[in-house]
Amino acid sequence: MGKRIGIEVAIAAAEAAALCRFEVAAVYPITPQSHVAEHLSDIVNDGRVDASFITVEGEHSALSAAIGASGTGARVITATSSQGLLYMSEVMPIASGMRVPIVMIVANRAVSSPINIWNDHSDIMPMRDTGWITFFSENGQEAVDMVIQAYKVAEHRDVMLPVDVMMDGFQLTHMVEPLFMPDQEEVDRFLPPYVPYATLHPDNPVSMGTLAMPDIFAEAQKSKDAALVNSLTVIKEVWKEWEELFGRKYEPVQTYLTEDADVAMVTMGSMGETAEVAVDELRRQGIKAGLIKIKLWRPFPFEDLKKAVKGIRVVAVMDRAVSFGGPGGPVFSEIRSALYDEPARPAVVNFIIGLGGRDIQVVDFVDMMKKAAAGKLAEPYEFYGVRG
Amino acid sequence: MSDKKWPETWQEINPGCMVFRPGSSAEYHTGSWRAKRPLWDKVKCIKCGLCYIYCPEGCITEDADGFFEANLNYCKGCGICAKECWTGAIAMADEEE
Ligand code: SF4
Ligand code: SF4
């Protein structure tokens, strides 16, 4: 059962892809994803996997090459961040529409302008509706595990969709963490070789990404939506299997001390770990606090969320992105909308925090939770800690 | 892998809208959105073939007598043939049900 090692998380994520025996990597480097790109290139160069590395001239080409390669039946890895992800945005719905099981590692970073290379979730939020399954990892171990799980989900015959794995830029990518790297045999047992549904091959011609006129386009989109919604079952199965094999539990909505909670925070990504410490601190102060971590952003786990908030009075959603001119942060609007039909729904409030790498400390979470518990938010959403 | 002719419902759509029958796009009648159709006047036509050359759909064919006609399954009514015909032999008529 794997060895516990100290390793930089970006490198560990690339190693996880190698354990999946990827066959094509098409990547363009961008901060803070660069170490993933560099290490994938090293892995191919050293002959550690039987793979091609496509050096592309930009992210638009990276994802386009990934789609083409996946169409031929190869297991493909790509990775990006921030502007690079936005540059891919034109191609993202093509990948999901063509149902190619690409796995992409996203080192989350703020988008310009002003230019900022540090972490927040403003790169992935505009990609929300492109039809990709989206995992949010909380630490290095989860990033590694999720890359491997992603292939199993993506390639499942009932899914056949691309998966992107989020890991917060710098906070995770550039940290050296102690984590278990699974053994090759374990991964081989968990993840069989990719058997594609169809391949681009002259012996057996097939057209992918064809034209759909108005009389069939809506049906095509409905089938894509259904595939994404139904993938939830497969994701849960794969996570269950992972837990049985590796002993690490993954759930679309993971809760911490919510059973008797009066107030709860909702987080995605690496801030969950700090928030957990804040919950302990609040409990010490006699406040019944809890934590809800969203691990699966698309398809959104509506039922799991409803179960998680049962009996909670106030839910404070921590957004690491802004929906400019909108109803609050993207996670907030999602969660408020998910709970709208619940007869006994909690009050849902929103803090926008940690933008562009701004530090979020335990005291900040404690402070926000107290504010939320006391109903002290003047606005429907608050840019927490903004001066002025 | 289905080789059905045309998906009626969303459940029948192949994953990724993949098409498994080579050449089947000929069955995809792309002329369905046409608002106007070309009408040939054989008196004015001098059989120069310009309409045939310019049709972006490649849907104009020559008949046994050397005159031209459009396959309305594919003609999208763009009017390019009428514009290019220098003898004015092609008129664009409103498409009627
Ligand atoms: S109207 Fe356009 S598509 Fe139709 S026959 Fe003329 S050139 Fe071709
Ligand atoms: S361009 Fe006009 S004249 Fe020439 S063949 Fe076509 S219809 Fe006849």
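Residues numbered from 1 in each chain as written. Chains lettered and ligands numbered in written order. Predicted model: local features only at pLDDT ≥ 70, side-chain atom pairs only at ≥ 80, totals over all residues. Heavy atoms only, no water.

> How do you make sense of the overall build of chain B when you look at a structure like this?
Of regular secondary structure, chain B possesses two helices and four strands. Along its sequence from the N terminus, chain B presents helices and strands in the succession β-α-β-β-α-β. In summary, chain B has a C-alpha radius of gyration of 17 Å against a globular reference of 13 Å for 97 residues, an excess of more than 25%. Residues counted as buried form 33% of the 97 residues belonging to chain B. Restricting the contact set of chain B to residue pairs at least 6 apart, pairs at least 24 apart contribute 57%. Approximately 6,300 Å² of chain B is accessible, and the part contributed by carbon and sulfur atoms is 53%. Taking the average place of the 11 positive charges on the side chains of chain B and the average place of its 15 negative ones, the gap between the two points comes to 3 Å. (Helix = DSSP H or I, 4+ residues; strand = E, 2+ residues; numbered from the N terminus. Rg over C-alpha atoms; globule rule 2.2 N^0.38 Å. Buried < 20%, exposed > 50% of the residue type's maximum accessible area, 1.4 Å probe, protein only. Contact = heavy atoms within 4.5 Å. Areas by Shrake-Rupley, 256 points an atom, 1.4 Å probe, with all protein chains shown as cover. Lys, Arg positive; Asp, Glu negative; His and termini not counted. Charge placed at Lys NZ, Arg CZ, Asp CG, Glu CD.)

> Where do I start with the interface of chain A and chain B in this structure?
A common way to report how large an interface is uses the accessible area buried once the components associate. Contacts between the two partners involve 22 residues from chain A, matched on the other side by 19 residues from chain B. Together chain A and chain B conceal approximately 1,800 Å² of surface at their shared face, both sides included; 72% is due to carbon and sulfur atoms. Summed over the three residues of chain A that lose the most area to chain B, namely A:Y197, A:M213 and A:I216, the buried surface amounts to 33% of that side. Here chain A is connected to chain B by zero salt bridges. Where chain A packs against chain B, one counts three residue pairs in polar contact (both at pLDDT 80 or more). Residue composition of the side of chain A that touches chain B, by class: 13 nonpolar, five polar and four charged. (Buried area = accessible area lost by both parts, 1.4 Å probe. Salt bridge = Lys/Arg side-chain N within 4 Å of Asp/Glu carboxyl O. Polar contact = N/O pair within 3.5 Å; in protein donor to acceptor, adjacent residues only side chain to side chain. Nonpolar A, V, L, I, M, F, W, Y, C, P; charged D, E, K, R; others polar.)

> Is there a simple way to explain helix α1 (residues 9–19) of chain A in this structure?
A turn of α-helix holds 3.6 residues, and therefore any two residues three or four places apart point the same way. Residue and element names in this part refer to chain A. Of all 11 residues making up α1, 10 are buried, and the element is well covered by its neighbours. Every buried residue of α1 is accounted for by V9, A10, A12, A13, A14, E15, A16, A17, A18 and L19. Immediately downstream of α1, the backbone of R21 shows phi near 55°, a positive value.

> Got a minute to help me understand the site of ligand 1 in this structure?
Around ligand 1, a shell composed of 14 residues is seen, among which B:C55, B:C75, B:C78, B:G79 and B:C81 lie nearest. Looking at the shell around ligand 1 residue by residue, the classes come out as 10 nonpolar, two polar and two charged. (Near = heavy atom within 4 Å.)

> Please explain the sheet that holds strand β14 (residues 347–352) of chain A as it appears in this structure.
Strands in a sheet are paired, the pairing made by backbone hydrogen bonds, and the direction either parallel or antiparallel. Residues and elements named next belong to chain A. Sheet architecture is open: six strands sit in the order β9-β11-β10-β13-β14-β15, paired in mixed fashion. Of all strands in the sheet, those bounded by a partner on one side alone are β9 (253–256) and β15 (381–383). Mean inter-strand twist for the sheet, computed between neighbouring axes without regard to direction, equals 20°. (Pairing = 2+ DSSP bridges. Axes fitted to C-alpha atoms, helices over the stretch in contact; angles between N-to-C directions.)

> What is the right way to look at the nonpolar core in this model?
Across soluble globular proteins, nonpolar side chains show a tendency to be buried alongside one another. A:F22, A:I77, A:I133, A:F135 and A:I148 are the most contacted members of the largest nonpolar core, which totals 58 residues. A:V76, A:M88, A:M98 and A:L305 belong to the second-largest nonpolar core, a separate cluster that totals 54 residues. (Core = buried A, V, L, I, M, F, W, Y, C linked by side-chain atoms within 4.5 Å.)

> Help me out: how do you make sense of the site of ligand 2 in this one?
Close to ligand 2 lie 13 residues; B:C45, B:C48, B:G49, B:C51 and B:C85 are nearest. Class assignment for the residues of the shell around ligand 2 results in 10 nonpolar, two polar and one charged.

> Whenever I open this one, the environment of A:E59 confuses me. Can you help?
Structurally, A:E59 is set in helix α3 (residues 59–71). Considered as a pair, A:E59 and A:P29 are 30 residues apart in the sequence and their alpha carbons are 8.5 Å apart.

> Is there a simple way to think about the pattern of salt bridges in this case?
Any two side chains of opposite charge can pair, on the condition that their charged atoms come close. Residue and element names in this part refer to chain A. Tallying each qualifying case throughout the model produces 27 salt bridges over all chains. With a shortest N-O distance of 2.7 Å, R48 and E15 are connected by a salt bridge. Of the two residues, R48 is situated in the loop between α2 (34–45) and β3 (52–55) and E15 in helix α1; the sequence distance between them amounts to 33 residues. Under the relative-accessibility criterion, E15 is labelled buried at 16%. Close ionic contact of R320 with D168 constitutes a salt bridge, the shortest N to O distance being 4.0 Å. Residue R320 is located in the loop between β13 (314–319) and α11 (330–339), and its partner D168 is located in strand β7 (residues 163–168); the two are separated by 152 residues in the primary sequence. Each member of the pair, R320 together with D168, is buried.

> Explain the sheet that holds strand β5 (residues 103–108) of chain A here, please?
Residue and element names in this part refer to chain A. Spatially, seven strands are ordered β3-β2-β4-β5-β7-β6-β12 in an open sheet, and the strand pairing comes out mixed. The open sheet terminates on both sides in strands that have one partner only, identified here as β3 and β12 (296–298). For this sheet, the mean inter-axis angle between neighbouring strands, taken without regard to orientation, is 20°. Across six bridges, β5 lies against β7 in parallel orientation. Each bridged residue has a counterpart across the sheet, and for I105 the counterpart in β7 is V165. Seen against the sheet, α3 touches β2 (24–27), β3 and β4 (76–80) and runs at an angle of roughly 165° to β4.

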